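Here is what each chain is made of, one letter per residue.
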Amino acid sequence: AGPQWWRSVAGGWSLRCVQRRACPRPLHLNLFPTSTPPLINYVKKFVGSLSTLVMDEAHTLEGVFGSNSSFLVRRLIAARGQILGRRSIRGQMQLIAATATIANPAEHMRQLTGSDFVVVDHEADGAQQHERLVAHIACPPGDELSIARQLQQSVLIHGRKGGFITFMDSRKGVETLAMATEDDIQGLFEDPAVSPYRAGFVATERRQIEQQLRSGVLRGVISTSALELGIDFPSLSVGFNLGVPPTRKAYRQRLGRVGRTGPGAFVVIGTPNEFRQYGTSFREYHDQSVEPSYLYLDNRFMQFAHGRCLADERDALAANAALPRTVEWPNGFEDTYLEARPGGSRSPEFDAIAELGGDTPHYGYPLRNVGEQSFQIKLSENATSMGDVSQSQALRECYPGGTYYHNMRPFYIAGWRTRTFQQPYIWVRNGTPGRVTRPRITTWLNSTITAQDIIDGHLMNGEHGFLSECQMMITERVSGYTDRSGEFHSYRELQQSNPNMRARSRNFRTTGVILCVDHDWFRTAEVRRKFSDVLRDVFAHRCSLSPQDIGSTSTNISVIDGDGRQRGRRCIAVFDQTYGSLRFTEQLYMEFKTILDQVLSAVSVDTDPETEVLKVAVDRIRDEVTSFASMSPFSVQAENIPSGYEQVFSPGSFVCYRESGSIATDVEIIQPTIMDGVLKYQVKASSPRPWEPPLRMWITASSVEPSADADAWEYAWWNRGTEAYEDPPEEGEPD
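**Details of the pattern of salt bridges**
Pairs may arise between side chains of opposite charge once their charged atoms sit close together.
1) Next: For the structure shown, the criterion picks out 29 salt bridges.
2) Next: Residue E476 pairs with R506 through a salt bridge whose shortest N-O separation is 3.1 Å. Here E476, found in strand 18 (residues 465–482), pairs with R506, found in strand 20 (residues 504–517); they are 30 residues apart in sequence, far enough to count as distant.
3) Next: The buried category is assigned to R506, whose relative accessible area is 3%.
4) Next: Salt bridges linked by common partners bring E526, R529, D533, R536 and D537 together as one network.

Okay, here's the thing in structure tokens:
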């Protein structure tokens, strides 16, 4: 029967010939999990016997997940070719893809797999179809949740059979609405009739909810996008969506969840301007074709992760370390693979992601992220995991001291456990029902406008500003949380009595677009914030980008040109939320003027008098950008560093220490030194145990970065020879 992991049934890809089904994730995790002969022999037999690979819901194979899956397919083909040798040429594996919502199937599948596909389109579709009513229910801003609760309750009270599915694009929102709906229908049913469903649930929880929906035990479900794909629940006759779905693909999939065995209805609940703010109407939105699918196979960090996995797989198969030539690899992968192989000459930019993968790259590099740490959620270190979250999600949902809801149960976040031999985890305890908290997250952006940092020469400059696509460093920091009463609880104060209650940061290098407009009317922080928010949202909808993939900020922006001048006082930025960047925002730079027109249309439909100031600002921004002209990067001046000296952090500086690849924690600088030719700092860090004194340890300077709070650190000159803080001699003075 084989190992237990081979028996998992999670929907997704079918591996025919041994008639097994598995998602890409378990296939990635367990393709070559160990080098012990019994398992390797079983895996070799399995992979060598594959004749057909069926990729169901192939339209989901885009963006980060699709790009990672593309490398996984190529690795699987390479492993099969190595196992079969010349026999693989005579009996190539057949690839089949199925999807109902994809705009360019042949082109996309060619890019995804490196193979050509024959397309069977909708004209040959023989599936049974039923009439569905679609509608947009307009409600005042802020009333979406209450309207959804009323409609859901009405379906359950007046519907003799069948149920509803409600979609929200917020994990926390799903939990909140599910709990509120259960309260609304208390007494109507003997057993719970409504359940949340989202990513982060373990497989047993998901399967239980799905079984209860099929059997009719559950009459309603509130879900994120986790239930929009290819799952058939005949009992669901009505669907609701709070707000506009993030993409038209998502809309088509969600619409397809209802009315599968009879007539159905699908309702979008939103403000009167919900569609007009994106320059369209509900009718046009419904009738438009789906967006193109995008892959980002040239991302060097993603290539490094899969190069590292491929190297381990080649070693497990006792194959030579050279890149397999039987597979069509993406551009640039060959060079990156040489750096990813153990013993390869690795560039410093890959150090952090290499640390994430460690000796178990298949587990260290999840398919839905690029080089970002993930956490399990547990009641204790040895307890069974309740689920997992990425670091970005953890900052927003699992911050210390906050309340995290899981399957309508509250849990108190007792702390983050990052110094562990196991996967880092979020430590939780049973929480108090009804307790609600919100994190206070601040974003900092640091960038330089030089020839090295501007991408593909993407710089336009004018008399009163500039527009650029460039490299940048983003720091997201949760400094505390507010409770239901609105009282703010600062980690700086909470940490005095409980070291687990400390600020957490996420630092990542990425790319984005910066707009600087040096006019007084762009000076107001509120105008810049509103403009950056609507620019981000309009751009994401136009380009079919998931909201969590794009971020924006209008404050705490530091932009320095090559002459050392500060140019970021009146700026906004829109950036990739992905570590290393997939250059989502390139299209924003290329089509900035067109997208500005859509932004103006979006704010023009709002009749709120307070929006009038924003309308005027957007109109002025459009006029200003029209005057910009392409130009060479601002001048770059090399810094003259005196011989034998370098700038280091001064004693007492609070900086970010990057643990486990991308987890950043605050440490205090004590002193620097040179060990084995490497610059290191002695630092003071909080102990994970409240009763113990602070820890002192030596860490490499390359793992330290300035903290987001510019007042918490400073640089000073340091003499490498004497290991003393001192200013270098003035030019002409004796050393």
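**Topic: the side chain of R477**
1) Next: Within the element layout of this structure, R477 appears in strand 18.
2) Next: For R477, the side chain forms a polar contact with the side chain of S505, separated by 3.1 Å.
3) Next: Among all residues touching R477, those that are not within four sequence positions of it are R440, I441, T442, W444, A503, R504, S505 and D666.

**Focus: the state of the cysteines**
1) Next: Throughout the structure, instances matching the rule amount to 0 disulfides.
2) Next: With no disulfide of its own, C470 has C571 as its nearest cysteine by sulfur position, at a separation of 9.7 Å.
3) Next: Relative accessible area serves as the criterion here: at 0%, C470 is assigned to the buried category.

**A look at the packing of helix 17 (residues 525–542) against helix 19 (residues 592–604)**
1) Next: Running from N to C, helix 17 and helix 19 point in directions that differ by 110°, and their axes come no closer than 9 Å. In terms of orientation, helix 17 and helix 19 fall into the roughly perpendicular class. Considering how the two elements wind past one another, helix 17 and helix 19 form a crossing that is right-handed. From helix 17, F531, V534, L535, V538, F539 and R542 reach across to helix 19, where they touch F592, T594, I595, L596, Q598, V599, A602 and V603.
2) Next: Residue composition of the contact of helix 17 with helix 19, grouped by class: 11 nonpolar, 2 polar and 1 charged.

**Considerations on the environment of W427**
1) Next: Along the chain, the position of W427 falls in strand 15 (residues 425–430).
2) Next: A relative accessible area of 21% means that W427 is categorised as partly exposed.
3) Next: The spacing of W427 and C398 is 29 residues in sequence and 9.3 Å in space, taken between C-alpha atoms.
4) Next: Aside from chain neighbours lying at most four places away, what touches W427 is K378, L379, S380, Y412, I413, A414, G415, R417 and N500.

**Quick look at the sheet that holds strand 15**
1) Next: Pairing within the open sheet is mixed, and its 5 strands lie in the order 12-11-15-14-13. Of all the strands in the sheet, the pair left with one neighbour each is strand 12 (388–390) and strand 13 (403–406). Between one strand axis and the next, the sheet turns by 40° as a mean value, whatever way the strands run.
2) Next: One ladder, built from 3 bridges, connects strand 11 (residues 374–378) with strand 15; its direction is parallel. Residue pairing across strands places K378 opposite W427, the latter belonging to strand 15.
3) Next: In this fold helix 7 (residues 171–184) packs onto strand 12 and strand 13, with an angle of close to 70° to the strand it touches most, strand 13.

**Thoughts on unusual backbone geometry**
1) Next: The phi dihedral of M408 is positive, around 70°, even though this residue is not glycine.
2) Next: Tracing the backbone through its elements, the reader meets M408 in the loop between strand 13 and strand 14 (409–417).
3) Next: Here M408 falls in the partly exposed class, since its relative accessible area comes to 23%.
4) Next: A positive phi angle, close to 55°, is found at D676, a residue other than glycine.
5) Next: Along the chain, D676 falls in the loop between strand 27 (663–675) and strand 28 (678–685).
6) Next: Judged by its relative accessible area of 81%, D676 is exposed.

**Describing the nonpolar core**
1) Next: If you look at the biggest cluster of nonpolar residues, it comprises 91 residues, and the most contacted ones within it are M55, L227, L515, F531 and L535.
2) Next: Examining the composition of this core, we find that 9 residues originate from one element, helix 3 (residues 63–84), more than from any other.
3) Next: If we skip the residues at most four places from it in the chain, L535 touches I572, V574, L588, F592, I595 and V599.
4) Next: With 27 residues, the next largest nonpolar core counts A340, A354, F466 and I474 among its residues.

**Thoughts on the environment of R132**
1) Next: Looking at where R132 falls in the secondary structure, it is placed in strand 5 (residues 132–138).
2) Next: A sequence separation of 128 residues divides R132 from R260, and the C-alpha atoms of the two residues are 9.4 Å apart.
3) Next: With sequence-adjacent residues up to four places away left out, R132 is seen in contact with L255, G256, V258, G259 and G264.
4) Next: Within the structure, the side chain of R132 is placed 3.5 Å from the backbone oxygen of L255, a separation counted as a polar contact.

**Some words on helix 12 (residues 333–340)**
1) Next: Of the positions making up helix 12, those classed as buried are F333, T336, Y337, E339 and A340. Buried residues along helix 12 cover an arc of 160° about the axis, so they all sit on one side.
2) Next: Looking at the buried residues of helix 12, the elements they touch are helix 3 and helix 11 (300–316).

**Notes on the sheet that holds strand 32 (residues 724–725)**
1) Next: As summarised here, the arrangement of the 3 strands in space is 25-31-32, forming an open sheet in which the pairing is antiparallel. Only two strands of the sheet have a single neighbouring strand rather than two, namely strand 25 (645–649) and strand 32.
2) Next: In terms of strand pairing, strand 25 meets strand 31 (residues 715–719) through 5 bridges, oriented antiparallel. Across the sheet, Q647 pairs through a bridge with W717, a residue of strand 31.

**So, the packing of helix 6 (residues 144–158) against helix 7**
1) Next: It is at 10 Å that the axes of helix 6 and helix 7 come closest, and there the two elements cross at 45°. In terms of axis orientation, helix 6 runs oblique to helix 7. The handedness of the crossing between helix 6 and helix 7 is right-handed. Judged by residue contacts, L145, R149, Q152 and Q153 of helix 6 engage L177, A180, T181 and D184 from helix 7.

Rules used in this analysis
Residues numbered from 1 in each chain as written. Predicted model: local features only at pLDDT ≥ 70, side-chain atom pairs only at ≥ 80, totals over all residues. Heavy atoms only, no water. Salt bridge = Lys/Arg side-chain N within 4 Å of Asp/Glu carboxyl O. Helix = DSSP H or I, 4+ residues; strand = E, 2+ residues; numbered from the N terminus. Buried < 20%, exposed > 50% of the residue type's maximum accessible area, 1.4 Å probe, protein only. Polar contact = N/O pair within 3.5 Å; in protein donor to acceptor, adjacent residues only side chain to side chain. Contact = heavy atoms within 4.5 Å. Disulfide = S-S within 2.5 Å. Axes fitted to C-alpha atoms, helices over the stretch in contact; angles between N-to-C directions. Parallel < 35°, antiparallel > 145°, perpendicular 65-115°, else oblique. Left-handed = near helix turned anticlockwise from the far one by under 90°. Nonpolar A, V, L, I, M, F, W, Y, C, P; charged D, E, K, R; others polar. Pairing = 2+ DSSP bridges. Core = buried A, V, L, I, M, F, W, Y, C linked by side-chain atoms within 4.5 Å. Arc of directions from axis to C-beta.

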